[in-house]
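Coordinate analysis (summary)
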Amino acid sequence: MKIADILNTKGRVVHTAVPWTTVSEAVDRLNRLGIGALVSCDQDRKICGIISERDIMRGLGKYGAALLDMKIDEVMTHHVVTTTPDESIVSAMAQMTRGRHRHLPVVQHGALVGMVSIGDLVKHRVKEMELETGVLRDALISRY
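Because the structure is predicted, anything quoted here is derived from the model rather than measured.

Position of Asn 8 among the secondary structure elements: in helix 1 (residues 3–10). It is 9.9 Å that separates the C-alpha atoms of Asn 8 and Gly 114, two residues lying 106 residues apart in sequence. A polar contact of 3.0 Å, which involves the side chain of Asn 8, links it to the side chain of Arg 12.

Below, the structure written as C-alpha cells:
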C-alpha cells in the first residue's frame, strides 16, 4: 500500500496556519479540530514549518505562559520532513520512526496535498496484515 491509499480513505484536508498565528490561536484550533499538528504555510501555500503538540509542550517548558502570546514561527519545527503519495506505507513508517515524527505532510509536484499521522499508517498497516493473515488462513484450510 502507498500513502495515496491512505489519503483516498481519510481525505486530503490539511489544516494550516500562517507563521504569524499566535500559539494561543493554534492551541484553540488543534483542540477544536481534534488534531495534533498544523502545517505552517506562507501566502503561496509554501511550507514554512509545522507546529505540533510536542512543540507547544517544549515551548511551555522554555517560555512558560508567555508562550501563548508568541507567534508559532518562534516555536514550530522549521525543517519539515515530507513524503509523496507514491511512497510506501512501510517506508513512511520507517522514516517517521527514525526522525521521531508523528505527522508527515504529503507533497506532490511542490504542492501540499495531504497529511498522514503515525496513527494513520499503523491503522492501515494493521488492516493490511489482517488481510494477509486471512488469505494465508484460507489457503491453509483449503489444503486440508
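On to the UniProt feature "domain: CBS" (unreviewed entry) in the protein chain. Mapped onto this numbering, the UniProt entry annotates "domain: CBS" (unreviewed entry) at residues 8–67 and 76–131. Between the first and last C-alpha atoms of residues 8–67 the distance is 37 Å; the span itself is 42% helix and 22% strand. With 45% helix and 23% strand, the stretch residues 76–131 has end C-alpha atoms that lie 39 Å from each other.

So, on to the packing of helix 4 (residues 89–99) against helix 5 (residues 118–143). Between helix 4 and helix 5, the shortest axis-to-axis distance is 10 Å and the interhelical angle comes to 140°. The angle between the axes of helix 4 and helix 5 places the two elements in the oblique class. Both helix 4 and helix 5 take part in a crossing whose hand is left-handed. For the pair formed by helix 4 and helix 5, the contact residues are Ile 89, Val 90, Ala 92, Met 93 and Met 96 on the first element and Ile 118, Leu 121, Val 122, His 124 and Arg 125 on the second. Looking at the contact of helix 4 with helix 5 residue by residue, the classes come out as eight nonpolar, one polar and one charged.

Attention now goes to unusual backbone geometry. Unlike most non-glycine residues, Arg 100 shows phi in positive territory, near 55°. Following the sequence through the fold, Arg 100 ends up in the loop between helix 4 and strand 4 (103–108). For His 109, which is not a glycine, the phi torsion comes out positive at approximately 55°. Relative to the assigned elements, His 109 resides in the loop between strand 4 and strand 5 (111–117).

What follows concerns the pairing of strand 3 (residues 47–52). In terms of strand pairing, strand 2 (residues 37–41) meets strand 3 through five bridges, oriented antiparallel. Within strand 3, the position partnered with Val 39 by the bridge is Ile 50. Connecting strand 2 to the next strand, strand 3, in antiparallel fashion are five residues, including Arg 45 with a positive phi near 65°.

How each quantity is defined
- Residues numbered from 1 in each chain as written.
- Predicted model: local features only at pLDDT ≥ 70, side-chain atom pairs only at ≥ 80, totals over all residues.
- Heavy atoms only, no water.
- Helix = DSSP H or I, 4+ residues; strand = E, 2+ residues; numbered from the N terminus.
- Polar contact = N/O pair within 3.5 Å; in protein donor to acceptor, adjacent residues only side chain to side chain.
- UniProt positions renumbered as here; feature names shortened; annotations may be inferred.
- Axes fitted to C-alpha atoms, helices over the stretch in contact; angles between N-to-C directions.
- Parallel < 35°, antiparallel > 145°, perpendicular 65-115°, else oblique.
- Left-handed = near helix turned anticlockwise from the far one by under 90°.
- Contact = heavy atoms within 4.5 Å.
- Nonpolar A, V, L, I, M, F, W, Y, C, P; charged D, E, K, R; others polar.
- Pairing = 2+ DSSP bridges.

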